[in-house]
Amino acid sequence: MTDRISVAVLGTGIMGAAMARNLCRAGLDVTVWNRSRAKSAPLADEGARVADRPDEAVENADIVLTMLYDAPTTAEIIRAAAPGLRAGTLWMQSTSAGTEGLRDLDGLAHDYGLVLVDAPVLGTRGPAESGDLVVLASGPHTARHRLAPVLGAVGSRTVWVSERPGDASSLKLVCNTWVLTVNHGVAEALALAEGLGVDPRSFLDAVGGGPLDMGYLRAKAAVIGSGDFSPSFAVTTAEKDSRLIVSAGEAAGVRLDVTAAGAERFRRAAEQGHGQEDMAASYYASFDDGRSQG
């Protein structure tokens, strides 16, 4: 009998928990940790071991997968895990870290002798739960075979960008720019429809089946129309990612006016009490009174 691949998952929020669950179902040996144990404890029912500390979680792990809020949080947790890390351990870093943040994490990997694969993902709660994420990956070619069982468990496909950590995070920022822009477009169109007394169904019928129609429009319109903003990607996280995009653009000499304005919409929505709701709640930022959908 061959030994199972051992994976430590640090961070079991919406995305991390779903990824850990699919790793368990794929037959991998999984240990999980989260700052709030209440978010990691249910994974014991899937066969995961639940660790109390990051260093305990990574002991004897072949692969460490991080899916945390941002780069500073990830750096903090990797430092806390350091006593349990072994040189040569493969680190699959899936947090949306941004370009500057990823450079910091790359330096940390060198400090601890870890093999870093920059591997942010495209997809939200649904694709994460079904194992249909698209993984954007950059890192040493020699790591690809070792990481294949994990990639196969959490995603439907992997886009290998290069061997240089950071290139995948740059691609993620580009993809997120498009996602966030479409999200705001749907929110603003439906907010204007409400303001002008236009039935939203008329708008959807008008663009239906043509080049302006798309699945993401339908998905976010359904969220707004139902009033159920259960998060697949929360407003506060979307604001954080928007600001990472704007910062990366500034460093590259690129103005991103739409994304900057979108970050402000997310900030207003969060200020109105929608921070932990789905990012489609940027809809509410169109109304000074923070009204619910009329």
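Computed from a predicted model, the values in this text were never measured in an experiment. (Residues numbered from 1 in each chain as written. Predicted model: local features only at pLDDT ≥ 70, side-chain atom pairs only at ≥ 80, totals over all residues. Heavy atoms only, no water.)

(A) Structural context of the overall build of the protein. Across its full length, the protein carries 12 helices and 9 strands. The C-alpha atoms of the protein give a radius of gyration of 20 Å, which matches the 19 Å a tight globule of 294 residues would have. Judged by the C-alpha coordinates and their principal axes, the protein covers about 65 × 45 × 35 Å. Counting across all 294 residues of the protein, residues that qualify as buried make up 48%. Accessible area for the protein stands at about 13,400 Å²; split by element, carbon and sulfur atoms hold 53% of it. (Helix = DSSP H or I, 4+ residues; strand = E, 2+ residues; numbered from the N terminus. Rg over C-alpha atoms; globule rule 2.2 N^0.38 Å. Buried < 20%, exposed > 50% of the residue type's maximum accessible area, 1.4 Å probe, protein only. Areas by Shrake-Rupley, 256 points an atom, 1.4 Å probe, with all protein chains shown as cover.)

(B) Highlighting the nonpolar core. Residues Leu23, Val30, Leu65, Met92 and Val150 are the most contacted members of the largest nonpolar core, which totals 33 residues. Residue assignment for this core shows that the elements contributing at least two residues are strand E1 (6-10), helix H1 (14-25), strand E2 (29-33), strand E4 (63-66), strand E5 (90-93), strand E8 (133-138) and helix H7 (143-154). Of the residues forming this core, the biggest block, 7 residues, is contributed by H1. Those residues within four positions of Met92 in sequence are excluded, and the remaining contacts are Met19, Ile63, Val64, Leu65, Thr66, Val117, Ala119, Val135, Leu147, Val150, Leu151 and Val154. (Core = buried A, V, L, I, M, F, W, Y, C linked by side-chain atoms within 4.5 Å. Contact = heavy atoms within 4.5 Å.)

(C) View of the packing of aromatic side chains. According to the stated counting rule, one finds 3 aromatic pairs in the structure shown. Look at Tyr283 and Tyr284: their rings are 5.3 Å apart centre to centre, the planes differ by 80°, and that puts the pair in the edge-to-face class. Both residues of the pair, Tyr283 and Tyr284, belong to the buried class. When the ring of Tyr283 is compared with that of Phe287, the centres are 5.4 Å apart and the planes differ by 65°; the resulting orientation is edge-to-face. This pair shows no difference in class: Tyr283 is buried, exactly as Phe287 is. Taken together through their ring pairs, the aromatic side chains of Phe229, Tyr283, Tyr284 and Phe287 make up a single cluster. The ring of Tyr69 carries the charged tip of Lys240 above its face, separated from the ring centre by 5.2 Å. (Phe/Tyr/Trp six-rings, centres within 6.5 Å; stacked < 30°, edge-to-face > 60°. Lys NZ or Arg CZ within 6 Å of the ring centre and 35° of its normal.)

(D) Just the packing of helix H9 (residues 200-207) against helix H10 (residues 215-226), in detail. Here H9 crosses H10 at 170°, and the two axes come no closer than 12 Å. Judged by the angle between their axes, H9 and H10 are roughly antiparallel. Where H9 abuts H10, its residues Phe203, Leu204 and Val207 lie against Leu217, Arg218 and Ala221. (Axes fitted to C-alpha atoms, helices over the stretch in contact; angles between N-to-C directions. Parallel < 35°, antiparallel > 145°, perpendicular 65-115°, else oblique.)

(E) Geometry of a nonpolar patch on the surface. The grouping of Leu192, Leu196 and Val198 at the surface amounts to a nonpolar patch, some 290 Å² of accessible area in total. Inspection of the secondary structure assignment puts Leu192 in helix H8 (residues 167-196). By relative accessible area, which is 51% here, Leu192 ends up exposed. (Patch = residues over 30% accessible without salt bridge, like charges linked within 9 Å, V, L, I, M, F, W, Y side chains within 5 Å. Salt bridge = Lys/Arg side-chain N within 4 Å of Asp/Glu carboxyl O.)

(F) Seen up close, the pairing of E2. Taken across its 5 residues, E2 has 5 buried, putting it largely inside the fold. Where burial is concerned, the two faces of E2 agree: the one with Asp29, Thr31 and Trp33 and the one with Val30 and Val32 are both buried. For the segment spanning E1, H1 and E2, crossover handedness is right-handed. Bridge count between E2 and strand E3 (residues 49-50): 2 bridges; the pairing is parallel. Bridge pairing links Thr31 to Arg49 in E3. (Right-handed = clockwise from strand over helix to strand, strands pointing away. Pairing = 2+ DSSP bridges.)

(G) Spatial organisation of the packing of helix H5 (residues 98-112) against H8. Following both chains from N to C, one finds H5 and H8 inclined at 160°, their axes separated by 9 Å at the closest point. Taken together, the axis directions place H5 and H8 in an arrangement best described as roughly antiparallel. For the pair H5 and H8, the sense of crossing is right-handed. In this structure, H5 contributes Gly98, Thr99 and Leu102 to the contact, and H8 contributes Ser169, Ser170 and Leu173. Per-class residue counts for the contact of H5 with H8 are 2 nonpolar, 4 polar and no charged. (Left-handed = near helix turned anticlockwise from the far one by under 90°. Nonpolar A, V, L, I, M, F, W, Y, C, P; charged D, E, K, R; others polar.)

(H) Quick peek at the pattern of salt bridges. A full pass over the atoms with the stated rule returns 20 salt bridges. The partner of Asp29 in a salt bridge is Arg4, with the nearest N and O atoms 3.8 Å apart. Of this pair, Asp29 sits in strand E2 while Arg4 sits in the segment before E1, placing them 25 residues apart in sequence. Ionic pairing is found between Asp62 and Arg86, a salt bridge with its closest N-O pair at 3.9 Å. Here the residue Asp62 occupies a position in the loop between helix H3 (54-58) and E4, and Arg86 occupies one in the loop between helix H4 (71-81) and E5, the gap between them amounting to 24 residues.

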